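An overview of the molecular structure
What follows is the residue order along each chain.
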Amino acid sequence: GCASLSVDSPIVLLGSAVSASCTVRAERCGGLQRAQIHIAWLLDSEPLAGRQQHGPAGTELSNLTLPHFNRSQARLWCLLQWNGTRQRVAMAELRAGYPPAKPSNLSCMLNLSDYGLTCQWARGADSLPTSVALKCATSRAQREAGAALTGCSPRDGRHHCTVPRRLLQLYRHMEIWVSARNALGTAESERLRIDPMDVAKLEPPALQSIEPLPGQPDCVSVGWRAARSSAHMELQCELRYRSPEEPAWALVPNISEAAQPALRLCGFLCGTRYRFQLRCRRPSPGAYWSEWSPGKEVTTQEKAPAAR
Amino acid sequence: GCASLSVDSPIVLLGSAVSASCTVRAERCGGLQRAQIHIAWLLDSEPLAGRQQHGPAGTELSNLTLPHFNRSQARLWCLLQWNGTRQRVAMAELRAGYPPAKPSNLSCMLNLSDYGLTCQWARGADSLPTSVALKCATSRAQREAGAALTGCSPRDGRHHCTVPRRLLQLYRHMEIWVSARNALGTAESERLRIDPMDVAKLEPPALQSIEPLPGQPDCVSVGWRAARSSAHMELQCELRYRSPEEPAWALVPNISEAAQPALRLCGFLCGTRYRFQLRCRRPSPGAYWSEWSPGKEVTTQEKAPAAR
Amino acid sequence: PLPDDVSGDHDFQLFLRKSLEFGRKIKGDVAALQDVVCETFQLCQEEELWLVRQHLDVPAAPLERCQRPGFEADACLEQLHGGLRVLAHSLGAVRELLPAHADLVERLQLDAANLSSNIQQQMEELGLPLVTFPPEGPGVLPAVASRFHQQVGSFFLLRNFQRFLETALRALRHLAR
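The structure contained in this document is the topic of the report that follows. Because the structure is a prediction, the values reported are computed rather than measured. Per-chain numbering applies: the sequence of each chain, read as written, is numbered from 1 onward. The order in which chains are written sets their letters, starting at A; the order in which ligands are written sets their numbers, starting at 1. Per-residue local features of the predicted model are confined to residues with pLDDT of at least 70, and side-chain atom pairs are confined, for both listing and counting, to 80 or more; whole-chain, interface and lining totals are unaffected and use all residues. To get the side-chain values, all heavy atoms of the structure are used, and hydrogens and water are removed first.

**Re the environment of A:Glu238**
All names here are of chain A. Numbering goes from the N terminus for both helices and strands, where a helix is a DSSP run of H or I of at least four residues and a strand is a run of E of at least two. Of note, Glu238 is situated in strand E21 (residues 236-242). Three exposure classes are used, based on accessible area relative to the maximum for each residue type with a 1.4 Å probe and protein chains only: buried under 20%, partly exposed in between, and exposed over 50%. Of the residues examined, Glu238 reaches a relative accessible area of 9% and is grouped as buried. On a C-alpha basis, the gap between Glu238 and Trp292 in space is 9.4 Å, while along the polypeptide they are 54 residues apart. Setting aside chain neighbours within four positions, we find Glu238 in contact with Leu251, Val252, Pro253, Ile255, Gln277, Leu278, Arg279, Trp289 and Trp292. Contacts are residue-level and defined by heavy atoms, with any inter-residue pair within 4.5 Å sufficient.

**Some thoughts on the packing of helix H1 (residues 10-41) of chain C against helix H4 (residues 102-125) of chain C**
In a packed pair of helices, the relevant descriptors are the angle between the two axes and the axis-to-axis distance. All names here are of chain C. Note on definitions: angles span 0 to 180 degrees between N-to-C directions of axes, and those axes are lines fitted to C-alpha atoms, for helices only across the stretch in contact. H4 packs onto H1 with a crossing angle of 160° between their chain directions and a minimal axis gap of 10 Å. Here H1 lies roughly antiparallel to H4, going by the angle between them. The crossing of H1 and H4 is left-handed. Contacts between H1 and H4 involve Phe12, Phe15, Ser19, Phe22, Gly23, Lys25, Ile26, Asp29, Val30, Ala32 and Leu33 from the first element and Leu104, Val105, Arg107, Leu108, Asp111, Ala112, Asn114, Leu115, Asn118, Ile119 and Gln122 from the second. A class-by-class count of the residues in the contact of H1 with H4 yields 13 nonpolar, 5 polar and 4 charged. When describing relative orientation, an angle under 35 degrees is termed roughly parallel and one over 145 degrees roughly antiparallel, while 65 to 115 degrees is termed roughly perpendicular and anything else oblique. Should the near helix be turned anticlockwise from the far one by less than a right angle, the crossing is termed left-handed; should it be turned clockwise, right-handed. When residues are grouped by polarity, Ala, Val, Leu, Ile, Met, Phe, Trp, Tyr, Cys and Pro land in nonpolar, Asp, Glu, Lys and Arg in charged, and all others, Gly among them, in polar.

**Observations concerning the interface of chain B and chain C**
Chain B puts 17 residues into the contact, and the matching count from chain C is 16 residues. Both faces combined, the contact of chain B with chain C buries some 1,700 Å², and carbon together with sulfur accounts for 44% of it. Contact with chain C buries area across many residues of chain B, yet B:Tyr171, B:Arg172 and B:His232 alone supply 41% of it, more than any other trio. The rule for a salt bridge is simple: a side-chain nitrogen of Lys or Arg has to be within 4 Å of a carboxyl oxygen of Asp or Glu. Where chain B packs against chain C, one counts 6 salt bridges. Here the buried area means the combined drop in accessible surface, using a 1.4 Å probe, for two parts upon being joined, counting both sides.

**Quick word on the state of the cysteines**
Two cysteine sulfurs form what is called a disulfide whenever their separation falls within 2.5 Å. On inspection of all chains with the given rule, the structure shows 14 disulfides over all chains. Between the sulfur of A:Cys237 and that of A:Cys280 lies a disulfide, 2.1 Å long from S to S. Every disulfide takes its handedness from the sign of the S-S torsion; for A:Cys237 and A:Cys280 that torsion is 105°, giving right-handed. In this pair, A:Cys237 is assigned in strand E21 and A:Cys280 in strand E24 (residues 273-281), connecting sequence segments 43 residues apart. On the basis of relative accessible area, A:Cys237 is assigned to the buried category, the value being 0%. Given the relative accessible area of 3%, A:Cys280 is considered buried. Disulfide pairing is shown between B:Cys2 and B:Cys29; the S-S distance is 2.0 Å. Linking B:Cys2 and B:Cys29, the disulfide has an S-S dihedral of approximately 95° and is accordingly described as right-handed.

**As for the sheet that holds strand E1 (residues 3-7) of chain B**
Residues and elements named next belong to chain B. Pairing between strands requires that DSSP locate at least two bridges from one strand to the other. Spatially, 4 strands are ordered E1-E3-E7-E6 in an open sheet, and the strand pairing comes out antiparallel. With partners counted over all chains shown, the strands left at the sheet margins are E1 and strand E6 (51-54), one partner each. Averaged over all pairs of adjacent strands, the angle between strand axes in this sheet comes to 20°, irrespective of strand direction. Where E6 and strand E7 (residues 59-69) come together, 4 bridges link them in antiparallel fashion. Of the residues in E7, the one forming a bridge with Gln53 is Leu61.

**Section: the packing of helix H3 (residues 73-97) of chain C against helix H5 (residues 147-176) of chain C**
Residues and elements named next belong to chain C. At a minimum axis separation of 10 Å, H3 and H5 run at an interaxial angle of 155°. One way to sum up the angle between H3 and H5 is to call them roughly antiparallel. Viewed along their axes, H3 and H5 form a crossing whose handedness is left-handed. Counting all contacts with H3, which are made through Ala73, Cys76, Leu77, Gln79, Leu80, Gly83, Leu84, Leu87, Ser90, Leu91, Val94 and Leu97, the residues of H5 involved are Gln150, Gln151, Ser154, Leu157, Leu158, Phe161, Phe164, Ala168, Ala171, Leu172 and Leu175. Among the residues forming the contact of H3 with H5, the class breakdown is 17 nonpolar, 6 polar and no charged.

**Some points on a positive patch on the surface**
Residues enter a patch when their relative accessible area is above 30% and they make no salt bridge; the linking distance is 9 Å between like charges and 5 Å between nonpolar side chains (Val, Leu, Ile, Met, Phe, Trp, Tyr). Working definition of accessibility: Shrake-Rupley area with a 1.4 Å probe, residue cover restricted to the visible protein chains. Counted as positive: Lys and Arg. Counted as negative: Asp and Glu, with His and the chain ends omitted from the count. A charge is said to be at NZ when it belongs to Lys, at CZ for Arg, at CG for Asp and at CD for Glu. Among the surface-exposed residues, C:Arg24, C:Arg68, C:Arg170, C:Arg173 and C:Arg177 lie close enough to one another that they form a single positively charged patch. Residue placement: C:Arg173 occurs in helix H5.

**A look at the packing of aromatic side chains**
Residue and element names in this part refer to chain A. Here a Phe, Tyr or Trp ring, Trp counted by its six-membered ring, pairs with any other such ring whose centre lies within 6.5 Å, and the pair is stacked when the planes are under 30 degrees apart, edge-to-face when over 60, and tilted otherwise. Counting across every chain of the model gives 17 aromatic pairs over all chains. Arranged with centres 5.7 Å apart and planes meeting at 35°, the rings of Tyr241 and Phe276 form a pair that is tilted. Residue Tyr241 is located in strand E21, and its partner Phe276 is located in strand E24; the two are separated by 35 residues in the primary sequence. Across the pair, exposure class does not vary: Tyr241 and Phe276 are buried alike. Of the aromatic side chains, those joined through ring pairs into one cluster are Tyr241, Phe268, Tyr274 and Phe276.

**Examining the arrangement of the chains**
By number of contacts, the leading pair among the 2 pairs of chains in contact is chains A and C. Regarding chain A and chain B, which are not in contact, the minimum distance between any of their C-alpha atoms is 22 Å.

**Comments concerning the interface of chain C and chain A**
On the side of chain A, 18 residues touch chain C, which itself brings 16 residues to the contact. Here chain C and chain A share an interface that buries about 1,500 Å² over both sides, 51% of which is from carbon and sulfur atoms. Considering only the surface of chain C that becomes buried against chain A, C:Gln42, C:Glu48 and C:Leu51 emerge as the three largest contributors, covering 44% of it. At the boundary of chain C and chain A, one finds 3 salt bridges. The partner of C:Glu48 in a salt bridge is A:Arg86, and the shortest N-O contact between them spans 2.5 Å. Polar contacts here mean pairs of N or O atoms no more than 3.5 Å apart (in protein, one a potential hydrogen donor and the other a potential acceptor; neighbouring residues in sequence count only if both atoms are side-chain atoms). On inspection of chain C and its partner chain A, the count reaches 11 residue pairs in polar contact (both at pLDDT 80 or more). Elements with a minimum of two residues in the side of chain C that touches chain A: H1, helix H2 (50-53) and H5 of chain C. Looking at side-chain class alone, the side of chain C that touches chain A contains 7 nonpolar, 6 polar and 3 charged residues.

**Let's talk about a nonpolar patch on the surface**
All names here are of chain A. The grouping of Leu13, Leu14 and Tyr98 at the surface amounts to a nonpolar patch, some 270 Å² of accessible area in total. Here Leu14 lies in the loop between strand E2 (11-13) and strand E3 (18-25). Using a relative accessible area of 31% as the deciding quantity, one classes Leu14 as partly exposed.

Set out below in structure tokens:
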């Protein structure tokens, strides 16, 4: 073509210098004579002055330096006057920004309906086009060989995505981290070392029956079942109960799956109406509680009249 | 295997006869002797009696006829006694029903936001697995060559689907019909011969201004614009107006797109508040009215005092 | 040439009215795409790009049989049919330059190809022979070097398309009279 524009680096750190050079080959510019060539510059629509000089092999040259380029995105134009009109003869797209910020607060949750592992994280604003991927390394060999695979990629601009079951390894530790890359560098989050099963979000258990115990007015028998999707699992559950008068819930912690199908509890006031709810989680660090089960209510027996 | 079950036809008209034959090869049945073979039948869980006989090449054969098979779906089992236990050795799935009912009441509407043509129809209940497709023939050649293409297929059980723009031919007639097929036959709806543009559902026009006309107290000028998505179209619009006292709307029909940007109307009472609304459609048979535009109100001028 | 009595033929008149409306729709979408090119690439003024234009051979579809003195109805319809096919095909290159507007470009391609096939079917129904050449090449902008030249190429392609449609609509209006 008539002119070509070269830039030392089209993507730079915000505020750093950019040098550009526009080379014009008069003989290819619609009959323009070399002497008539006056090279002008525009940064988007802002006129700038370059240093024009004769270039090699009959070309005309103009150099331009932008000492502190700080627009996230701009178009640098090289122009000529021709037949009384301003002609745009070359263009370069410039970008400025920062390497990606380090993603943080990575957390993941396994959905037991489809066994997809949904992870989310916090990320700074992107100054440049940034590609983000959630990386997974299952085996130690994979980790050491740096052959992590991409579990999923968030859709544009989002800070979460879901690793499908087929890329997961259950009941064994995996390393998971977020990798963000743009033209100026790459940043990786802390590595999460988890067994996906340990971060499963359980379905709530079911309170099937709560019956007063004959002859023990201050005791009840709580019949309960873990959800079908966690029927095979080790569980750590907790029961809460409250009578309408009491402001706060009382809590019975550390109920294991072995306590099925029924749990005997005592210490209740007689002849009092209580409301019960149960929830469960995996007995592992970082586990998520299920929602509370639907409530169930019972009135404990009146105290038997003392034999006179 | 030990036994094989053949059925003259696994899918039959409801109530018609079904014949089946179970062939047992003793030598492949876990050491069973031919003399010990007693073939039994189950239709789902209902025992049935077959006619057992010696078959060719040392096989044992049992034939069964169901004179009036009228279950929409059933499993026919062939069983043997073996080591004192009942053994299921062969199975065939039977179905009964009717050819598909003829789809009817086919109608289509073009959505101007994505130019998808959504068609809907009425269909009888399906007694058998039925595949339904909306067929489109664009050119005469395609029609004659019977080379209609499938515009879309409704999702399971639904009676509507949308033909994407890339399969449509705008501004020219297409033939569209519904084809339903199951194991017992095919049924086709009436053919709809339409230009998709003629059944476009238009966005409502915009009433931009309604001004009394100076010196003509019984007239107003109605400024209006067709919606952007129909700015290029031939239109048939109608205006309705009403003053709060009047129970019914008065109607100004057959307003064409040429009446833009303003329409002059007379015959209004002086000094009266009127409410106006406008709607448009394609000037073609089967066209759909747009919704009414948002209303606009104006009070006509008082009559000028007669000169004494 | 067109049969003499065709101009009064209802079907032909309906074809012309529909083609006029379709042409107006396409012209509106081309104008919308020109706005996108102006906003996205800062390429808005044709006279600023004449120099670069000399190094691009952006094909323009010929329509001289749709304008005086060479006006000839059937030849004009044939040029409309051929030109729309070339322009529809060449928009593929524009689509790659404007991924965020791929829907608008695709719709434009579908509409241009659709109008072209409508014309073809109408000519076949009138018993007029129609020679159709498959549009060749990857798209309008042969291996041009820089992104800038491709962007300028897309600018001129759309301008040529706009002018093609203006001439086409004039010819169709003349036929409809």
